[in-house]
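Here's the letter readout for the chains.
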Number of protein chains: 2
Amino acid sequence: MRFWLGCRKCGKPTPFNIKSGSCPCGGTLQVEYDLELVKHTLIKENLRDRATSLWRYAELLPVQSKEHIVSMGEGFTPLISLTRAEQAFPLKRLWVKREEQNPTGSFKARGFSVALSIANEYGIRKVAVNSNGNAASALAAYAGYAGMEAYVFLPKDCPSLIIEECIHYGAHTCLIDGLIQDAGKLIREGEQEQNWYNVGTLKEPGRAEGKKTMGLEIAEQLHWKLPDVIIYPTGGGSGVIGVWKAFQELKQLGFIQGDLPRIVSIQETGCQPLVDALRNNDLFSPQSEEVSSSPTGMRVPQPPDGQLLVSIIRQSSGTALAVSQEEIRQAQLILGKQGISSSPEGAATWAGLIRLLDQGWISRQDEVVLFNTSHAMKYVHGSSQSKLPIVKSYQDWVTLKPS
Amino acid sequence: MRFWLGCRKCGKPTPFNIKSGSCPCGGTLQVEYDLELVKHTLIKENLRDRATSLWRYAELLPVQSKEHIVSMGEGFTPLISLTRAEQAFPLKRLWVKREEQNPTGSFKARGFSVALSIANEYGIRKVAVNSNGNAASALAAYAGYAGMEAYVFLPKDCPSLIIEECIHYGAHTCLIDGLIQDAGKLIREGEQEQNWYNVGTLKEPGRAEGKKTMGLEIAEQLHWKLPDVIIYPTGGGSGVIGVWKAFQELKQLGFIQGDLPRIVSIQETGCQPLVDALRNNDLFSPQSEEVSSSPTGMRVPQPPDGQLLVSIIRQSSGTALAVSQEEIRQAQLILGKQGISSSPEGAATWAGLIRLLDQGWISRQDEVVLFNTSHAMKYVHGSSQSKLPIVKSYQDWVTLKPS
């Protein structure tokens, strides 16, 4: 047996199950692998012959049969140097992991490629998710490709373009007068009656494993020498959980050595349960006060596994920061002028970087990776067209001297 | 000397020049390589160790020094099977080349990565382009990354999101009361005075070479066995010219053998100079009657090298088709339901496929590649949000039964 489920808290193993759920002890379950078995075929030198998608790491993904894989070209996204910023800032290296180049323009594609491959393996035809946006459109696309029916539930203030995407991919799309957890409650209430397979955050074992591949990739792309700092925008936190798990597995496989990167979780002021927990003796509790942050993927006041996130951040000697909407807006502009299209979440990592440089928390020796989780375009409202000059000739242009 | 310019018509060589322009005989110039020299280092078996971007084929790109390369993770985009369509249609294989996964969401990224690498090599700081949309935003991003100033000129009816992108990437953005050629005229009038490097279609040698890599990639991704048919949306036509050039070079390098694919150019009814030329004894002339097609990348009534396009299509035993706006709209919906986000241009290839299947022009033995040149999202206007039901609970949802 190559894989099974194990409790993140007590460690107890249990057979693989498509509804991962919780251990009797209360810990969440995660996929574990017989890494000694994996070692036989997953060999560094052989990776170069493999698909340039996340399925290059198939031994570390919980799908039995190749023919069930639902893949549309997700993963193995570029990791590019921000060379101009590297020169300007007191740090050693600065990379951006361009997750916006995934299908559907966000890192969420990874999770659903794996989750729906598992679903496919078990003959599931109806899938449902609650989401702040990108997870919904990614599920919609992958379900469309796999010929499954998708039901997506989004807060009513989610970006309009993402709603268009869900509809475009043929998903049953419904808006919620509430937050992401209210949408989650709706799915839990209906899942039996409607025969929905709930692919919400940590409801099944595949999505976290799909996101794990981001960690595998940066290790491989940096030639198995990890960076010093990883800055990640954090809502539900399965990205952070996944990346951390990747590093553990790579260590056990002997692919990497030494210290792991310091993990920095970025949140937006007004929805910052992780930042609050680090200030509160590392005791995590869901945010009780009213949420006042903007409708992005970071707006998750009750992440399903908050305590685990706190412990990963601590174990890594990392930190968590809440940045303001205005800092995010500025960061989007600055990244844009460097040619990078960044979602508010991706831009938040830049805003965090600036703060950490100011504080001296990042130093001249540090190699840093920012995760740009999705594309700016999904969040843009086109209003510039009516404000730009319209010319007929070069002479017009010279006369008007538009900016 | 690894590369120089050669006339596409009379074959006369001339030293490499960043303003490729025309040969005295009237033919356009293209980059040519010493393929015997290239053979020494570009070896099939070594490709697996190379970057997963278009720069894996560096020997076939006209840049001297690695340090001048402007690369943001363009190229080596996924080629995925449309398995459900493969089963439904009388053809052997059907792939989509997902060009929307490039930086800036379109294939145009390729051309500007190469064009601006050359510009960088020659110390150029100001670049200008006329464009129907995606070329402008791609130039804007690459100029931003390279620290150059970009001037982009677009028809005033171009999609609003693309205008936002250009501004986001910091380009000087100007709208034209006219078509793409009117914007080109403006640049030609101003280029000396403004010191603009004109990176319009076929004005310099880099963009066509960048697009060529699409052809190199599908050959490599299909293990050096080319498909029978390539369906490509055609405006200025540098994509088709590039892909065809790739196949010639691969043949000379001995990487591929046998017949080349039949090239199908898709245009939209109302702007179809290639379709008209094939009906008119293969004599190309720019479209003289009024253009009535929609504002997409295919709306180019005067492609700079129309006669070359006609000869490529003929030589390959290919064809050209004009599809209607309604066929394109339907195709976008159908591709969407298969999980593919397609621009009108990308969807036009699907519309063309359907017609060619109906005509029996594509048969059961044929392996077909569609090029999805960019992302649907750039063309969407979000209006669904206000029309969707908003629920508070599962009970609401059951009562409302939204679609």
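Residues numbered from 1 in each chain as written. Chains lettered and ligands numbered in written order. Predicted model: local features only at pLDDT ≥ 70, side-chain atom pairs only at ≥ 80, totals over all residues. Heavy atoms only, no water.

K.L.:
Could you clarify how one ought to interpret the sheet that holds strand β3 (residues 29-33) of chain A in this entry?
P.N.:
Strands pair in a sheet through their backbones, by hydrogen bonds, and they do so in one of two ways: parallel or antiparallel. All names here are of chain A. With antiparallel pairing, three strands are arranged side by side in an open sheet as β2-β1-β3. Each edge of the open sheet carries a strand with a single partner, namely β2 (13-14) and β3. Across two bridges, strand β1 (residues 3-7) lies against β2 in antiparallel orientation. Looking across to β2, one finds that G6 is bridged to P13. (Pairing = 2+ DSSP bridges. Helix = DSSP H or I, 4+ residues; strand = E, 2+ residues; numbered from the N terminus.)

K.L.:
I'm lost on empty space enclosed by the protein in this one. Help?
P.N.:
Take a probe with the size of a water molecule and roll it over the atoms, and the empty space left behind shows itself. Counting across every chain of the model gives six cavities of 30 Å³ or more. A volume near 170 Å³ is recorded for the largest cavity. A class-by-class count of the residues in the lining of the largest cavity yields four nonpolar, 10 polar and five charged. (1 Å grid on protein atoms, 1.4 Å probe; cavity = no way out; pocket = protein on both sides within 12 Å on 5 of 7 lines; lining within 4 Å. Points joined across faces, edges and corners; volume = space filled by probe spheres on them. Nonpolar A, V, L, I, M, F, W, Y, C, P; charged D, E, K, R; others polar.)

K.L.:
Would you take a moment to explain the interface of chain B and chain A for this structure?
P.N.:
Many analyses report the size of an interface as the accessible area lost when the parts associate. Residue-level contacts link 76 residues of chain B with 76 residues of chain A. With both sides pooled, the region where chain B packs onto chain A buries about 6,300 Å², and carbon together with sulfur makes up 59% of that total. Put simply, chain B and chain A have four salt bridges between them. The interface formed by chain B and chain A holds 24 residue pairs in polar contact (both at pLDDT 80 or more) in total. Among the elements that make up the side of chain B that touches chain A, the one with the highest residue count is helix α5 (residues 160-168) of chain B (seven residues). Class assignment of the residues belonging to the side of chain B that touches chain A gives a composition of 34 nonpolar, 29 polar and 13 charged. Note that strand β8 (residues 172-176) of chain A and strand β14 (residues 390-391) of chain B share two bridges and pair parallel. Note that in β14(B) the partner of L175(A) across the bridge is I390(B). (Contact = heavy atoms within 4.5 Å. Buried area = accessible area lost by both parts, 1.4 Å probe. Salt bridge = Lys/Arg side-chain N within 4 Å of Asp/Glu carboxyl O. Polar contact = N/O pair within 3.5 Å; in protein donor to acceptor, adjacent residues only side chain to side chain.)

K.L.:
Would you mind going over the packing of aromatic side chains with me for this structure?
P.N.:
The description of two aromatic rings rests on the distance between their centres and on the angle between their planes. Using the criterion set out here, one finds 28 aromatic pairs over all chains in the structure. When the ring of Y394(B) is compared with that of W397(B), the centres are 6.0 Å apart and the planes differ by 20°; the resulting orientation is stacked. Of this pair, Y394(B) and W397(B) are both found in helix α13 (residues 394-400), three residues apart, which corresponds to roughly one turn of the helix. Judged by relative accessible area, which is 5%, Y394(B) ranks as buried. Taken together, the ring pairs connect Y151(A), F153(A), W196(A), Y394(B) and W397(B) into an aromatic cluster. Positioned above the aromatic ring of F255(A), the side-chain terminus of K44(A) is 5.9 Å from the ring centre. Taking the ring centre of W361(A) as reference, the NZ or CZ of R262(A) above it sits at 4.4 Å. (Phe/Tyr/Trp six-rings, centres within 6.5 Å; stacked < 30°, edge-to-face > 60°. Buried < 20%, exposed > 50% of the residue type's maximum accessible area, 1.4 Å probe, protein only. Lys NZ or Arg CZ within 6 Å of the ring centre and 35° of its normal.)

K.L.:
Would you mind going over the state of the cysteines with me for this structure?
P.N.:
Under the defined criterion, the tally for this structure stands at zero disulfides over all chains. We note that C271(A) lacks a disulfide partner, and the nearest cysteine sulfur, in C158(A), lies 16 Å from it. Here C7(B) stays unpaired: no disulfide links it, and the sulfur of C25(B), its closest cysteine neighbor, is 3.5 Å away. (Disulfide = S-S within 2.5 Å.)

K.L.:
I tried to follow the relation of the copies chain B and chain A on my own but got confused; where do I start?
P.N.:
Turning one copy of the chain about an axis and sliding it along that axis gives the other copy, so a rotation and a shift relate them. With an RMSD of 0.0 Å, chain B superimposes on chain A once it is rotated by 180° and translated 0.0 Å along the axis. What the superposition gives is, in effect, a two-fold axis relating one chain to the other. Closest approach to the rotation axis within chain B is made by the C-alpha atom of Q101(B), at a distance of 2.5 Å. (Least-squares fit on C-alpha atoms with pLDDT ≥ 70 in both.)

K.L.:
Even after reading the chapter, I still don't get the pairing of β8(A), so can you show me in this structure?
P.N.:
Residue and element names in this part refer to chain A. Extensive coverage of β8 is indicated by the burial of four of its five residues. Relative to β8, strand β7 (residues 149-155) runs parallel, the two sharing five bridges. Bridging across to β8, F153 finds its partner in C174.

K.L.:
I keep staring at the UniProt feature "domain: Tryptophan synthase beta chain-like PALP" (unreviewed entry) in chain A and nothing clicks. Help me out?
P.N.:
Sequence positions flagged by UniProt for "domain: Tryptophan synthase beta chain-like PALP" (unreviewed entry) are, in local numbering, residues 70-373 of chain A. Strand forms 17% of residues 70-373 of chain A and helix 44%; the C-alpha atoms that close the span are 21 Å apart. (UniProt positions renumbered as here; feature names shortened; annotations may be inferred.)

K.L.:
Before we go on, may I ask you to explain helix α7 (residues 206-221) of chain A in this structure?
P.N.:
Since the α-helix advances by 3.6 residues per turn, residues separated by three or four positions end up pointing in the same direction. Taking 1.5 Å per residue, 16 residues should reach 22 Å; α7(A) reaches 23 Å between its end C-alpha atoms and fits that length. Downstream of α7(A) by a residue or two, H223(A) has a phi angle that is positive, lying close to 55°. (Expected span 1.5 Å × (residues − 1).)

K.L.:
Honestly, the sheet that holds β8(A) in this entry has me stumped. Any pointers?
P.N.:
Overall, parallel pairing links the five strands, which are arranged β9(A)-β6(A)-β7(A)-β8(A)-β14(B) in an open sheet. Among the strands making up the open sheet, the edge pair consists of β9 (197-198) of chain A together with β14 of chain B. When strand β6 (residues 126-130) of chain A meets β9(A), the two strands line up parallel, connected through two bridges. Residue pairing across strands places A128(A) opposite N198(A), the latter belonging to β9(A).

K.L.:
Help me understand the pattern of salt bridges in this model?
P.N.:
Close approach of charged atoms lets side chains of opposite charge pair. As enumerated under the stated definition, the model contains 49 salt bridges over all chains in all. Notably, a salt bridge pairs E367(A) with K225(A), separated by 3.6 Å at the nearest N-O pair. Linking E367(A) in strand β13 (residues 367-372) with K225(A) in the loop between α7 and β10 (229-233), this pair joins segments that are 142 residues apart in sequence. Close ionic contact of D177(B) with K156(B) constitutes a salt bridge, the shortest N to O distance being 3.1 Å. Here D177(B) is found in the loop between β8 (172-176) and α6 (180-194), whereas its partner K156(B) is found in the loop between β7 (149-155) and α5, with 21 residues between them in sequence. Here the salt bridges share partners, and the residues they tie into one network are K97(A), E99(A), R110(A) and E217(A).

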